[in-house]
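# Examination of the molecular architecture
Here are the chains, one letter per residue:
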Amino acid sequence: MVASVMDQLCACPHCDALHRRPPLRRGEKALCVRCGSTLARRHRLAPDQVLALVVAAVMVFAIANAFPIVDLRIQGLHGGTTLFGAVAALWSDGRQPMAVLVCATTQAFPLLDLASMLALLLAVSRRRRPGWFGPLLRAVQELRPWGMVEVFMLGVVVSLVKLSGMAHILPGMALWAFALLTVLMAAILSFHPHQLWDEPDHD
Amino acid sequence: MTDVPVSAVSAGLMACGHCGQVMARQDGPAPCPRCGGGVRPRKPASLSRTWALLLTAIILYAPANLLPIMQTSSLFATSRDTIIGGVVYFWHSGSPGLAILIFSVSILVPVLKMAILGILALTVQFGWPLDRRQCVMLFHVIEFVGRWSMLDVFVVALMVGLVRFKGLAVIEAGPGAIAFGVVVALTMLATHSFDPRLIWDSPRRALG
Ligand SMILES: [Zn+2]
Ligand SMILES: [Zn+2]
């Protein structure tokens with residue numbers, strides 16, 4: 001194990017300034033004295049509360065992907081699509097790279113993020129750090145920027161406005177699910193998994 | 001702490017980029033004692049990777065804007081929309097708010113992001129005397145806003161999924177959409193490769 005003096009130090013990830021590791025209560029964050037970036041933060045919610053949010057988000061994610069986002073009527077014709085339907089349409093039109101990009105950023109990465117957070121938070125709540133804990137935590141940090149549920153949600157709104165001029169639009173179940181998922185994801189993603197290293201010994 | 005901050009590297013230390021653990025400095029990658037990740041004092045080949053990704057993004061930015069992102073075939077005609085075409089459409093169809101939104105995330109943000117990242121990389125490369133705190137702030141801004149440029153890609157994907165009325169109207173994605181998506185991904189990767197600590201490493205320390 002490392003010397004304990006190392007454990008009392010931390011370095012700013014944005015300017016490398018060395019600080020004494022600040023003791024933080026929930027909801028607090030420490031700013032770097034040199035560059036002003038966030039040096040360390042501790043989320044307002046305890047890991048168990050975040051775990052509850054993750055479980056809820058997984059269920060909402062399932063609903064958001066199982067049902068049509070919107071129903072569309074143009075001159076008696078009826079249409080609608082799920083998110084996966086849009087991905088499949090891109091694929092069959094010969095736009096495979098774009099299908100992969102959309103599927104990865106709106107489905108695969110967010111789902112992997114949620115599943116990994118579930119495993120990590122469960123491990124922490126049992127006060128265990130199994131062998132996969134470190135690699136999985138690093139993987140979550142790497143893929144997190146590529147999950148773009150909130151951007152997709154804005155895309156849905158823009159598309160609806162765009163189509164509202166030419167078609168009759170009925171919001172589908174998945175539209176509300178995506179809106180809720182955006183809120184849940186925002187709360188979950190504001191919990192930086194990296195603070196799990198300091199749980200629960202913090203208390 | 002009121003004393004002048006010392007960087008970890010100059011104190012003979014380095015911090016794990018994954019979990020923050022501080023350890024003795026080594027020049028090669030060393031495994032982190034806490035999380036097992038590879039740790040180096042600075043991101044490897046940060047500047048050359050940033051430049052390579054940034055220049056590729058800049059080159060691809062031309063086709064992303066010139067090629068159509070969407071093709072609408074209806075009974076009477078086929079129309080192709082570029083990104084700027086979409087902005088103009090919203091402006092004229094009574095949604096100036098959306099026109100401004102799309103313009104911001106699809107044109108303003110990518111251009112500013114590439115420009116800022118270029119300036120930051122040049123600052124490190126040539127030791128430009130820019131205010132370092134502001135440089136870090138700019139870095140946080142581009143880190144935060146970059147992803148929103150993916151908006152148009154999602155809009156096109158949804159339109160393609162929704163408007164598939166054979167014989168009446170069918171929307172297909174154009175080559176500009178994937179080019180644009182790749183530009184956004186490349187700029188995100190370029191930002192990720194850039195190590196903001198380099199801004200503080202250069203010899204111009206006079207102003208602190
Ligand atoms: Zn700092
Ligand atoms: Zn580590």
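Residues numbered from 1 in each chain as written. Chains lettered and ligands numbered in written order. Predicted model: local features only at pLDDT ≥ 70, side-chain atom pairs only at ≥ 80, totals over all residues. Heavy atoms only, no water.

Turning to the overall build of chain B, a few remarks are in order. Tallying secondary structure elements over chain B gives 7 helices and 8 strands in all. Scaling as 2.2 N^0.38, a compact globule of 208 residues should have a C-alpha radius of gyration of about 17 Å, whereas chain B reaches 22 Å, well beyond that. If you line up chain B on its principal axes, its C-alpha atoms span 70 × 35 × 30 Å. In chain B, which comprises 208 residues, the share counted as buried stands at 52%. Of all intrachain contacts in chain B linking residues separated by at least 6 positions in sequence, the fraction that spans at least 24 positions is 61%. Carbon together with sulfur atoms contributes 67% to the accessible area of chain B, which is approximately 9400 Å² in total. Distance between charge centroids for chain B: 4 Å, based on 16 positive and 9 negative side chains. (Helix = DSSP H or I, 4+ residues; strand = E, 2+ residues; numbered from the N terminus. Rg over C-alpha atoms; globule rule 2.2 N^0.38 Å. Buried < 20%, exposed > 50% of the residue type's maximum accessible area, 1.4 Å probe, protein only. Contact = heavy atoms within 4.5 Å. Areas by Shrake-Rupley, 256 points an atom, 1.4 Å probe, with all protein chains shown as cover. Lys, Arg positive; Asp, Glu negative; His and termini not counted. Charge placed at Lys NZ, Arg CZ, Asp CG, Glu CD.)

Our next topic: the overall build of chain A. The secondary structure content of chain A amounts to 7 helices and 7 strands. Along chain A, from the amino end to the carboxyl end, the secondary structure elements read α-β-β-β-β-α-β-β-α-α-α-α-β-α. Compactness check: chain A gives a C-alpha radius of gyration of 21 Å against a globular reference of 17 Å for 203 residues, more than 25% above the reference. Considered along the principal axes of its C-alpha atoms, chain A spans approximately 70 × 35 × 30 Å. Entry remark: accessible area of chain A is about 9200 Å², with carbon and sulfur atoms responsible for 65%. Distance between charge centres in chain A, computed from 18 positive and 13 negative side chains, equals 2 Å.

For the rest of this paragraph, the subject is the coordination of the zinc ion (ligand 2). Residue and element names in this part refer to chain B. Of the protein atoms, only Cys16 (SG), Cys19 (SG), Cys32 (SG) and Cys35 (SG) coordinate the zinc ion (ligand 2), at distances of 2.2 to 2.4 Å. One can describe the site at the zinc ion (ligand 2) as tetrahedral: its 4 donor atoms subtend angles covering 104 to 115° at the metal. Read from N- to C-terminus, the donor residues coordinating the zinc ion (ligand 2) fall into the pattern C-x2-C-x12-C-x2-C. Here Cys35 lies in the loop between strand S3 (30-31) and strand S4 (38-39) and Cys19 lies in the loop between strand S1 (13-15) and strand S2 (22-24), a separation of 16 residues in the sequence. Of the two residues, Cys19 and Cys35, neither departs from the other in class, the shared state being buried. (Donors = N, O, S within 2.8 Å, 3.2 Å for Na, K, Ca; no water. Tetrahedral: all angles 85-135°; square planar, octahedral: opposite > 155°, others 65-115°.)

This brings us to the domain arrangement of chain A. Many descriptions give the size of an interface as the accessible area lost when the pieces come together. Residues and elements named next belong to chain A. Segmenting chain A into domains produces domain 1 (1-42) and domain 2 (46-198). Distance between the C-alpha centres of domain 1 and domain 2: 31 Å. Residue-level contacts link 4 residues of domain 1 with 5 residues of domain 2. Here domain 1 meets domain 2 over a buried area of about 380 Å², counting both sides, of which 43% is carbon and sulfur. Scanning the region where domain 1 abuts domain 2 turns up 1 salt bridge. Taking the shortest distance from any N to any O, the salt bridge between Arg21 and Asp198 comes out at 3.9 Å. For the side of domain 1 that touches domain 2, the residue count by class is no nonpolar, no polar and 4 charged. (Domains from an automatic or database assignment. Buried area = accessible area lost by both parts, 1.4 Å probe. Salt bridge = Lys/Arg side-chain N within 4 Å of Asp/Glu carboxyl O. Nonpolar A, V, L, I, M, F, W, Y, C, P; charged D, E, K, R; others polar.)

With that out of the way, let us pick up the side chain of Lys162 of chain A. Checked against the element boundaries, Lys162 of chain A lands in helix H6 (residues 149-164). Lacking a salt bridge, the buried Lys162 of chain A has Asp81 of chain B as its closest oppositely charged neighbour, with an N-O distance of 5.1 Å. Setting aside anything within four residues of it in sequence, one finds Lys162 of chain A in contact with Met70, Tyr89, Phe90, Val155 and Met159 of chain B.

Segmentation of chain B into domains returns domain 1 (1-41) and domain 2 (44-207). Taking the mean C-alpha position of each, domain 1 of chain B and domain 2 of chain B sit 33 Å from one another.

What follows covers the pairing of strand S6 (residues 78-81) of chain B. Residues and elements named next belong to chain B. Across 4 bridges, the pairing between strand S5 (residues 70-74) and S6 is antiparallel. In the strand pairing of S6, Thr72 is matched with Ser79. Linkage of S5 to S6, two consecutive antiparallel strands, is achieved through a turn of 3 residues. (Pairing = 2+ DSSP bridges.)

Once that is clear, we can look at unusual backbone geometry. The backbone of Asp16 of chain A shows a phi angle near 70°, a positive value even though the residue is not glycine. For Asp16 of chain A, a relative accessible area of 1% corresponds to the buried category. Not every positive phi belongs to a glycine, and Ala45 of chain B is a case in point at roughly 45°. Within the fold, Ala45 of chain B resides in the loop between S4 and helix H1 (46-66).

Residue and element names in this part refer to chain B. Reading across from one edge, S6-S5-S8-S7 is the order of the 4 strands in this open sheet, with antiparallel pairing throughout. Looking at which strands have only one partner, the edges of the open sheet turn out to be S6 and strand S7 (164-165). Contacts between helix H5 (residues 151-162) and the sheet are confined to S5, S7 and strand S8 (169-173), with S8 contributing the most and set at about 145° to the helix. (Axes fitted to C-alpha atoms, helices over the stretch in contact; angles between N-to-C directions.)

Further remarks concern the nonpolar core. Among the nonpolar cores identified, the biggest contains 126 residues, and Ile69, Met98, Val102 and Phe178 of chain A are the most heavily contacted of them. By residue number, the principal contributor to this core is helix H3 (residues 96-126) of chain B, which donates 11 residues. Among the nonpolar cores identified, the runner-up in size contains 8 residues, and Met6 and Ala11 of chain A together with Leu13 and Ala15 of chain B belong to it. (Core = buried A, V, L, I, M, F, W, Y, C linked by side-chain atoms within 4.5 Å.)

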